[in-house]
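Chain and residue survey
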There are 2 protein chains.
Amino acid sequence: MSKCEQCIVRQFNSLKHLSKEELVRMSACKTTKIIKKGEVLFEEGEHLNGVFCIKDGVCKVSKMSENGRNQIISLVQKGNIIGERSLVSEEISNLKAVALNDMEVCFIPKEEIIRDLEKNNAFTMSVLKDMATSLKSADNLIVDMAQKTVKQRLAETLLHLHSKFDTDSEGNINIQLSREDIANIIGTATESAIRLLSEFKKNKIIEFKGKEIKILDEAALDKIIHGF
Amino acid sequence: MSKCEQCIVRQFNSLKHLSKEELVRMSACKTTKIIKKGEVLFEEGEHLNGVFCIKDGVCKVSKMSENGRNQIISLVQKGNIIGERSLVSEEISNLKAVALNDMEVCFIPKEEIIRDLEKNNAFTMSVLKDMATSLKSADNLIVDMAQKTVKQRLAETLLHLHSKFDTDSEGNINIQLSREDIANIIGTATESAIRLLSEFKKNKIIEFKGKEIKILDEAALDKIIHGF
DNA sequence: TCGAAAAGCTGACAAATATCATATTTTAAA
DNA sequence: TTTAAAATATGATATTTGTCAGCTTTTCGA
């Protein structure tokens, strides 16, 4: 069993503010899990008894709307913690998390996190700052969803994905999303997303083969985002 | 100059977790302001040097989208604190706040809040919980904006306003919003909002005279929200 | 209280997006 | 490897929403 004290992933999130002692205790109560692609980390409405620290892989966090369509709120990757929101406000989860590829995660029980939040103010402040950052992104997303066209949102999403996941040796964005996933990120029908991707391809803005997408003309995407 | 220790508004927000001593110090450094209807509390891009505790009145919090349209993110009323997000993440404000009616607010300098956050863990936890709640609402709003129709969003907004601001003796919702404000809340063109309000009126779902709006058929609104 | 400016309203039309149908390609299970 | 299911793609069409124009009503300051 690997130890939190030595875990490199910890350096990228709020857990870096924990003391040696606190980390040893965390190591003792955490459980490491392998989540296969497509498997569910937690469901909407589920009671979370802790948080997940992502050691490897990416998951999509989404919420079902009443008209039966799924909206992806964010993609969470290696180094991040997921589930703190529900834990802090002591509610059932309002979101669902599904692995986009094989993941390795550590589950840290609620009691341990709550204890650290109450004892270690630097940790609490760090979690608070993270949440403030998430809230800012969420506010920006609200404005985008309400005010931008689907085409603008697709262009924006492509650039986001590019900067967040970087590219492989061939220049393809380092994340595999189905057309449906892409549609669920930008909040549109799958057909519309496909159509716009094809249009971007025809206009030499992007290039793709299946799920491998490569950005050819970043300036053109910027132009679309900021409205001609 | 009124004292924070005796301020009733404090009971409704995180400041209730401060000690007598902390409140006395806060009283000494806070400034009370009257903000007239239409005046700006803070601008997008402005550096906030503190937070506002709202003693009376309501303000709209909005963000300009790049295509020149304004999106109202939330309405904040008596008892709430505004500006903590930017303060916590030490960034310029991403939002603008404008008074919807005459307001009385207390401005509490940044240093004072930061000091309390660092010293008083119960206060920090309370701010964290508030932010978790805001984040949940924001996530829900993202899904609504992305997945619901303008009509559904208007119906939802009317019920929200009704439950948040209650009604006067005549049964009218206790908040005065222009048609443009309503459009900016639901994320649509002013004309579209006007058209739908007229439709609701024609169908006896609501009734209005100018900015006085009264809900007649709550069940019909629910039906619209949840999709026929 | 008068008059200009702002807000509210409605129609006509254009643009964006969803839906449905169907064909093709890819994936994965037997 | 075969084959059924799922994912991708595209056309046709319907629906939703935005834009522009013109009009009426309300508001507010001189």
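Scope of this entry: the structure provided in the associated data block. (Residues numbered from 1 in each chain as written. Chains lettered and ligands numbered in written order. Predicted model: local features only at pLDDT ≥ 70, side-chain atom pairs only at ≥ 80, totals over all residues. Heavy atoms only, no water.)

Re the protein's contact with DNA strand C
Rules: Nearness of a residue to a molecule or strand requires only that one of the residue's heavy atoms be within 4 Å of it. Definition of a polar contact: a pair of N or O atoms within 3.5 Å, with one able to donate and the other able to accept a hydrogen when the atoms are protein atoms, and with sequence-neighbouring residues admitted only if both atoms are side-chain atoms. Under the scheme used here, helices are H or I runs from DSSP no shorter than 4 residues and strands are E runs no shorter than 2 residues, and both carry numbers assigned from the N terminus. Lys, Arg, Asp and Glu make up the charged group, whereas Ala, Val, Leu, Ile, Met, Phe, Trp, Tyr, Cys and Pro make up the nonpolar group; the residues left over, Gly among them, are polar.
In the vicinity of DNA strand C there are 17 residues, among which Val150, Thr188, Ser192 and Arg195 of chain A together with Arg179 of chain B approach most closely. For DNA strand C, a phosphate oxygen lies 2.9 Å from a polar atom in the backbone of Val150 of chain A. In this structure, Arg195 of chain B approaches DNA strand C through a side-chain N or O atom, which is 2.9 Å from a base nitrogen. Residue assignment for the surface near DNA strand C shows that the elements contributing at least two residues are α7 (190–202) of chain A together with α6 (179–186) and α7 (190–202) of chain B. The dominant element in the surface near DNA strand C, judged by the number of residues it contributes, is α7 of chain B, at four residues. Broken down by class, the residue content of the surface near DNA strand C amounts to four nonpolar, five polar and eight charged.

Considering the interface of chain B and chain A
Often, the extent of an interface is quoted as the loss of accessible area on bringing the components together. Here is the rule: Contact definition: two residues touch when any of their heavy atoms are within 4.5 Å. Once two parts are put together, the accessible area they lose, assessed with a 1.4 Å probe and summed over both, is termed the buried area. What counts as a salt bridge is simple: a side-chain nitrogen of Lys or Arg found within 4 Å of a carboxyl oxygen of Asp or Glu.
Tallying the contact residues gives 43 residues for chain B and 43 residues for chain A. When chain B packs against chain A, the two sides together hide about 4,200 Å² of surface, and 64% of this comes from carbon and sulfur. Ranking the residues of chain B by area buried against chain A places Leu128, Ile142 and Gln147 of chain B at the top, with a combined share of 16%. Taken together, the links from chain B to chain A amount to six salt bridges. In this structure, the salt-bridge partner of Lys129 of chain A is Glu90 of chain B, at a minimum N-O distance of 3.2 Å. If you look at where chain B meets chain A, you find 22 residue pairs in polar contact (both at pLDDT 80 or more).

Notes on the packing of aromatic side chains
Defined as follows: Only Phe, Tyr and Trp rings are paired, with Trp represented by its six-membered ring, and only when their centres lie within 6.5 Å; those with planes under 30 degrees apart are stacked, over 60 edge-to-face, the remainder tilted. Each residue is assigned to one of three classes by its accessible area relative to the maximum for its type, calculated with a 1.4 Å probe on protein chains only: buried under 20%, partly exposed between the two thresholds, exposed over 50%. Put simply, a charge is over a ring when the Lys NZ or the Arg CZ is close to the ring centre, within 6 Å, and near the line of the ring normal, within 35 degrees.
According to the stated counting rule, one finds four aromatic pairs over all chains in the structure shown. With 6.0 Å between their ring centres and 20 degrees between their planes, Phe42 of chain B and Phe52 of chain B make a pair best called stacked. Residue Phe42 of chain B is located in strand β2 (residues 40–42), and its partner Phe52 of chain B is located in strand β3 (residues 50–56); the two are separated by ten residues in the primary sequence. Note on accessibility: Phe42 of chain B and Phe52 of chain B belong to one class, buried. An aromatic cluster of at least three residues, connected via ring pairs, comprises Phe42, Phe52 and Phe107 of chain A. If you follow Lys33 of chain A out to its NZ or CZ, it ends over the ring of Phe107 of chain A, 5.1 Å from the centre. In this arrangement the basic side chain of Lys201 of chain B is found over the ring face of Phe208 of chain B, its NZ or CZ atom lying 4.1 Å from the centre.

Side note on the sheet that holds strand β8 (residues 103–109) of chain B
Residue and element names in this part refer to chain B. To be explicit about the condition: Here, a strand pair is defined by DSSP locating no fewer than two bridges between the strands.
As summarised here, the arrangement of the four strands in space is β1-β8-β3-β6, forming an open sheet in which the pairing is antiparallel. Of all strands in the sheet, those with a lone pairing partner are β1 (31–35) and β6 (81–82), marking the two edges. Relative to β8, β1 runs antiparallel, the two being bridged by five bridges. For Ile35, the partnering residue across the bridge sits in β8 and is Met103.

Observations regarding the packing of helix α5 (residues 150–165) of chain B against α6 of chain B
In a pair of packed helices, the angle between the axes and the distance between the axes together describe the arrangement. All names here are of chain B. Here is the rule: Axis definition: a line fitted to C-alpha atoms, limited for helices to the stretch in contact. Angles are taken between N-to-C directions and run from 0 to 180 degrees. What sets the label is the angle itself: under 35 degrees gives roughly parallel, over 145 gives roughly antiparallel, 65 to 115 gives roughly perpendicular, and the rest give oblique. Handedness of a helix crossing follows the sense of rotation of the near helix relative to the far helix, less than a right angle counterclockwise being left-handed and clockwise being right-handed.
The N-to-C vectors of α5 and α6 enclose an angle of 110 degrees; their axes lie 9 Å apart at closest approach. Of the possible angle classes, the one that applies to α5 and α6 is roughly perpendicular. Here α5 runs over α6; the crossing is right-handed. Across the interface between the two elements, Val150, Arg153, Leu154 and Thr157 from α5 touch Ile182, Ile185 and Ile186 from α6. Here the contact of α5 with α6 is composed, by residue class, of five nonpolar, one polar and one charged.

A closer look at the sheet that holds strand β1 (residues 31–35) of chain A
Residue and element names in this part refer to chain A. One open sheet accounts for four strands, arranged β1-β8-β3-β6; its pairing is antiparallel. Two strands lie at the open edges of the sheet, namely β1 and β6 (81–82), each paired on one side alone. Sheet strands in contact with helix α3 (residues 110–119) are β3 (50–56) and β8 (103–109), and its direction is about 65 degrees off that of β8.

A closer look at unusual backbone geometry
With a phi angle near 50 degrees, Glu90 of chain A is a residue other than glycine that sits in the positive phi range. Looking at where Glu90 of chain A falls in the secondary structure, it is placed in the loop between α2 (84–88) and β7 (96–99). With a phi angle near 60 degrees, Asp166 of chain B is a residue other than glycine that sits in the positive phi range. Structurally, the position occupied by Asp166 of chain B is in the loop between α5 and α6.

Brief notes about the nonpolar core
Let me state the cut-off plainly: Buried residues of nine kinds, namely Ala, Val, Leu, Ile, Met, Phe, Trp, Tyr and Cys, make up a nonpolar core once their side-chain atoms join them within 4.5 Å.
Leu41, Cys59 and Ile82 of chain A together with Leu41, Cys59 and Ile82 of chain B are the most contacted members of the largest nonpolar core, which totals 90 residues. Each residue touching Leu41 of chain B, except ones within four places of it in the same chain, is listed here: Ile35, Phe52, Cys59, Ala97, Val98, Ala99, Met103 and Val105 of chain B.

Details of helix α4 (residues 121–147) of chain B
We apply this condition: One fewer than the residue count of a helix, multiplied by 1.5 Å, yields its expected span.
For α4 of chain B, with 27 residues, the first-to-last C-alpha span of 39 Å sits near the 39 Å given by 1.5 Å per residue. Sitting at the head of α4 of chain B, Asn120 of chain B places a side-chain oxygen 3.1 Å from the backbone nitrogen of Ala122 of chain B.

Observations regarding the pairing of strand β10 (residues 212–215) of chain B
As a general feature of sheets, a regular strand has side chains that alternate between the two faces. All names here are of chain B. Residues Ile213 and Ile215 line the buried face of β10, whereas the alternating positions Glu212 and Lys214 sit on a face that is not buried. Here strand β9 (residues 206–209) runs beside β10; their pairing, made up of four bridges, is antiparallel. Paired with Phe208 across the bridge in β10 is Ile213. Once β9 ends, the chain turns through two residues before running back antiparallel as β10, passing Gly210 with a positive phi of about 65 degrees.

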